[in-house]
Amino acid sequence: MVQMEELNIKGTGAMGTMLVAPGGEGHPNMIVVQCKKGYLMCGYLNLAAAEKFGDAAVLVGGADFAAVLKNPIKGMTEAAKLAGVKEGMTGEEAAAVLNA
């Protein structure tokens, strides 16, 4: 099942897309939060591929949209760094940078 939700990121919108347990029952969800200049992604997705394509991508863990926004980021591409994302930010803080 696919869930899509408009998320409020510090007064701006971002589109959250979640594939619920794509590997079957008991598997984690696959989550992407699309912002104006890039996106947040879960560990199912690949930072190396995002880097190859020049995407401003940020890796954040979480089982749902709220957790992805609350949790600290785990990694990012060079384009995300150039956009202003910094180590130690939460997903919401990184999304705000990518939505500016």
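Residues numbered from 1 in each chain as written. Predicted model: local features only at pLDDT ≥ 70, side-chain atom pairs only at ≥ 80, totals over all residues. Heavy atoms only, no water.

K.L.:
What exactly am I supposed to notice about the sheet that holds strand E1 (residues 2-9) here?
P.N.:
One open sheet holds the six strands; their spatial order is E1-E2-E3-E4-E5-E6, and the pairing between them is mixed. The open sheet terminates on both sides in strands that have one partner only, identified here as E1 and strand E6 (73-76). Mean inter-strand twist for the sheet, computed between neighbouring axes without regard to direction, equals 25°. Of the pairings in the sheet, the one linking strand E2 (residues 12-19) to strand E3 (residues 30-34) comprises five bridges and is antiparallel in character. Along E3, the bridge assignment pairs Met18 with Ile31. (Pairing = 2+ DSSP bridges. Helix = DSSP H or I, 4+ residues; strand = E, 2+ residues; numbered from the N terminus. Axes fitted to C-alpha atoms, helices over the stretch in contact; angles between N-to-C directions.)

K.L.:
Hey, could you run me through the environment of Asn71 in this one?
P.N.:
In this fold, Asn71 is placed in the loop between helix H2 (65-70) and E6. Residue Asn71 is classed as partly exposed on the basis of its relative accessible area, which comes to 26%. A distance of 2.7 Å separates a polar side-chain atom of Asn71 from the backbone oxygen of Gly61. (Buried < 20%, exposed > 50% of the residue type's maximum accessible area, 1.4 Å probe, protein only. Polar contact = N/O pair within 3.5 Å; in protein donor to acceptor, adjacent residues only side chain to side chain.)

K.L.:
Explanation requested: the nonpolar core in the structure shown.
P.N.:
Grouped together as the largest cluster of nonpolar side chains are 24 residues, with contacts concentrated most on Ile31, Val33, Leu40, Val58, Ile73, Val85 and Ala94. Sorting the residues of this core by element identifies E1, E2, E3, strand E5 (57-60), H2, E6 and helix H4 (91-99) as the ones contributing at least two each. Broken down by element, this core gets its largest block of residues, four residues, from H4. For Ala94, the residues in contact, after removing those within four places along its chain, are Leu40, Val58, Ile73, Val85 and Met89. Grouped together as the second largest cluster of nonpolar side chains are five residues, Met41, Ala50, Ala57 and Leu59 included. (Core = buried A, V, L, I, M, F, W, Y, C linked by side-chain atoms within 4.5 Å. Contact = heavy atoms within 4.5 Å.)

K.L.:
Any chance you could explain unusual backbone geometry here in plain terms?
P.N.:
Where the residue is not glycine, phi is negative for most of them; where a peptide bond is considered, it is trans in most cases. A positive phi is found at Lys10, a non-glycine position, where the angle reads about 50°. As for its placement among the helices and strands, Lys10 is situated in the loop between E1 and E2. You can call Lys10 exposed: its relative accessible area is 52%. Phi is positive for Ala21, close to 40°, though the residue is something other than glycine. Mapped onto the elements of the fold, Ala21 is located in the loop between E2 and E3.

All quantities given are derived from atomic positions and should not be read as evidence of function.
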